[in-house]
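# Examination of the molecular architecture
Below, each chain spelled out in residue letters.
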Amino acid sequence: MVRVLAGVSVAGAAHAVLNAQLLRTPPADPPATAARVRVVVPARDEAHQLPGCLDALAAQTGVAHLDVVVVDDGSADGTAEVAAAHGARVLTAAPPRPGWLGKPNACAQGAAGAEDVDVLVFVDADVRLAPHAVAAAVALLQAHDLDLVSPWPRQLAVTPAERLVQPLQQWLWATTLPLRLAERPGRPSMAAANGQFLAVRRAGYERAGGHGSVRGEVLEDIALLRAVKRAGGRGVVADGSALATTRMYDGWAELSAGYEKSLWSALGGSPAGSLAAGAALAAVWVLPPLAGGRAGLVGYAAGVAGRAVAAARTGGRVWPDSLAHPLGVLVLDGLVVRSVLGHHRGTLHWRGRTLTG
């Protein structure tokens, strides 16, 4: 059995190597675009993050028609005032209606009335874009005939907990998702996206039903990509390590709360599916190292190699973090269990709101 599990680990590492070659990469010097672009920044109590985010948006190059909208999502910290002071157009979001979660609600309101826009770009307040980022995202859409592209920002991980868990996001899709198949329409189950930085053609967005079609989804980014693909569109994750950086969570408390809110649905699309996926992850990438022996060592080495390849390709820290890969998977599985229990009990919350999606 250990030999079989180690073989799966080797196959995962080989797939990560293949995906490292296939991952769409934005141009370092994108051409100027005439596309009319609206950037939507959903913000709930983000006064401390908005200056850096908006200054980076103000410095964008190669986009002649750029409209920046900050959607103040019920903030109590002066978010709207900070956004206005930095030159953004501010929209005060109406409270989420029944069946809507906060972020899809804010994004939908920011995208409303965009009939004169060609491309919608969604950016989180904690993301810092490079000056060519928006133009490069538009270039990716046009060069590869995509309706949606999700350039994955370089994730800054500082504390031990962040360094253990954060890189697993990129490693998961690099190891398990066939990228070329995934970008084709009609394959909604094959999807990876990151709402921290996401660009979508307005026509494809509206054809998919916009954020209204994912109103109750905790992982609205992946759900939106799936909706675009179900509507006949094409979309895929891309390398955004040279376009954007973000520190998603600051330490264990923020990280655990952030993952617990969504892991119940993230891995398998349901609580049961996520538990099954978590068990499979442990079987392939934790059990062989624990079992030891030659097969166990091969399984461990393959897991480390796959993690290192994914990190190197997406701008992450490779060494020595990759050596702790089995421990990272084990911590992730613990968070999956906590997330499923929280969902079952109805105790999950985020930014002061109870999550019912």
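Before any of the text, the structure's been laid out above.
Before going into details, it helps to say that this report is about the structure given with it.

Within the chain, the regular secondary structure consists of 16 helices and 10 strands. Over its C-alpha trace the chain gives a radius of gyration of 20 Å, about what one expects of a compact globule, namely 21 Å for 357 residues. For the chain, the spread of C-alpha atoms along the principal axes amounts to about 60 × 45 × 35 Å. In the chain, buried positions account for 54% of the 357 residues. For the chain, the exposed surface amounts to about 14400 Å²; the carbon and sulfur share of it is 59%. Between the averaged position of the 32 positive side-chain charges in the chain and that of its 28 negative side-chain charges there is a distance of 9 Å.

So, on to the environment of arginine 163. One can find arginine 163 in helix 6 (residues 160-165). Its relative accessible area of 25% is what places arginine 163 among the partly exposed residues. Here the alpha-carbon distance between arginine 163 and serine 322, two residues 159 residues apart in the chain, equals 9.3 Å. In this structure arginine 163 touches Ala157, Val158, Arg307, Arg317, Pro320 and Asp321, once residues within four positions along its chain are discounted. Engagement of the side chain of arginine 163 in a polar contact is seen with the side chain of aspartate 321, the distance being 2.8 Å.

Rules of the game
- Residues numbered from 1 in each chain as written.
- Predicted model: local features only at pLDDT ≥ 70, side-chain atom pairs only at ≥ 80, totals over all residues.
- Heavy atoms only, no water.
- Helix = DSSP H or I, 4+ residues; strand = E, 2+ residues; numbered from the N terminus.
- Rg over C-alpha atoms; globule rule 2.2 N^0.38 Å.
- Buried < 20%, exposed > 50% of the residue type's maximum accessible area, 1.4 Å probe, protein only.
- Areas by Shrake-Rupley, 256 points an atom, 1.4 Å probe, with all protein chains shown as cover.
- Lys, Arg positive; Asp, Glu negative; His and termini not counted.
- Charge placed at Lys NZ, Arg CZ, Asp CG, Glu CD.
- Contact = heavy atoms within 4.5 Å.
- Polar contact = N/O pair within 3.5 Å; in protein donor to acceptor, adjacent residues only side chain to side chain.

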